[in-house]
Amino acid sequence: MAVTFHDLSSAVGLKKLDDYLLSRSYITGYQASKDDLTVHAALSKPPSSDYVNVSRWYNHIEALLRISYASVAEDDDDDVDLFGEETEEEKKAAEERAAAVKASSKKKESGKSSIVLDVKPWDDETDMKKLEEAVRSVQMEGLLWGASKLVPVGYGIKKLQIMITIVDDLCSVDTLIEDYLTAEPINEYVQSVDIVAFNKIYEN
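Structural notes, computed from the coordinates. From a predicted model like this one, the values you see are computed outputs, not experimental measurements.

## Some points on unusual backbone geometry
With an omega of 0 degrees, the peptide bond between Glu184 and Pro185 qualifies as cis. When you line up the elements, Pro185 lands in the loop between helix H6 (173–181) and strand E4 (190–202). Backbone geometry at Tyr155 places phi at a positive 60 degrees, although glycine is not the residue there. Along the chain, Tyr155 falls in the loop between strand E2 (143–154) and strand E3 (157–167). We classify Tyr155 as exposed; its relative accessible area is 81%.

In structure tokens:
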């Protein structure tokens, strides 16, 4: 087995396995193998549903084991081997699938957007320093706050113009505005948020 997993009774060990199974159906290869049995045996109990990928894999292996045991019980002469060694064709298919997943993941990670937001206060008495602090306090996976400046809009009122960069697959600007910037408690300072510019960033 090319990949080894240690201390699967700990949260750290389970997290590592969960991340590994994010883009895989089995521990190695294109079908269930003895590597799956090895890792399955290392788990002292069924994993928590918090580890979505490990739970999916564990339940699948459990199902295959039940089928295997049932088949052997019905006919001891049959050579039932759901965890047999891979053929060369299966190994090649597994390598191609892994390469495709890796390429797809890389493509998704490179999809980013650069956005300029206009954040408008309620009135000229709004503390713009506190407004900006509240805005920048929002943390989302795939969100990076950039440069900002105050722009006069008239009658002594200024708006905050701020740049953000988001990873498209991880962060939605609509969610950022609707669920955070114009929701409690930030809406104490923010009246509305408009998208001024939206540009895609493509990285090779």
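## Section: the nonpolar core
The nonpolar side chains of a soluble globular protein tend to be buried with one another. Ranked by size, the top nonpolar core spans 24 residues in total, and within it Leu117, Val135, Leu143, Trp145, Ile164, Leu176 and Leu181 carry the most contacts. Contributing elements (two or more residues each) for this core: strand E1 (111–121), helix H5 (128–136), E2, E3, H6 and E4. Not counting the four nearest positions on each side in its chain, Leu181 is found in contact with Leu117, Val135, Val138, Trp145, Leu176, Ile186, Asn187, Val190 and Val193. Within the second largest apolar cluster, 18 residues are counted, among which are Tyr20, Leu21, Ile61 and Leu64.

## Digging into the pattern of salt bridges
Counted according to the given criterion, the structure contains five salt bridges. Between Lys159 and Asp118 there is a salt bridge, with its nearest N and O atoms 2.7 Å apart. On the criterion of sequence distance, the pair formed by Lys159 in strand E3 and Asp118 in strand E1 is long-range, its members being 41 residues apart. In this pair, the class of Lys159 matches that of Asp118, namely buried. Between Arg136 and Glu132 there is a salt bridge, with the nearest N and O atoms lying 2.9 Å from each other. Here Arg136 and its partner Glu132 are both found in helix H5, four residues apart, which amounts to about one turn of the helix.

Conventions adopted
- Residues numbered from 1 in each chain as written.
- Predicted model: local features only at pLDDT ≥ 70, side-chain atom pairs only at ≥ 80, totals over all residues.
- Heavy atoms only, no water.
- Helix = DSSP H or I, 4+ residues; strand = E, 2+ residues; numbered from the N terminus.
- Buried < 20%, exposed > 50% of the residue type's maximum accessible area, 1.4 Å probe, protein only.
- Core = buried A, V, L, I, M, F, W, Y, C linked by side-chain atoms within 4.5 Å.
- Contact = heavy atoms within 4.5 Å.
- Salt bridge = Lys/Arg side-chain N within 4 Å of Asp/Glu carboxyl O.

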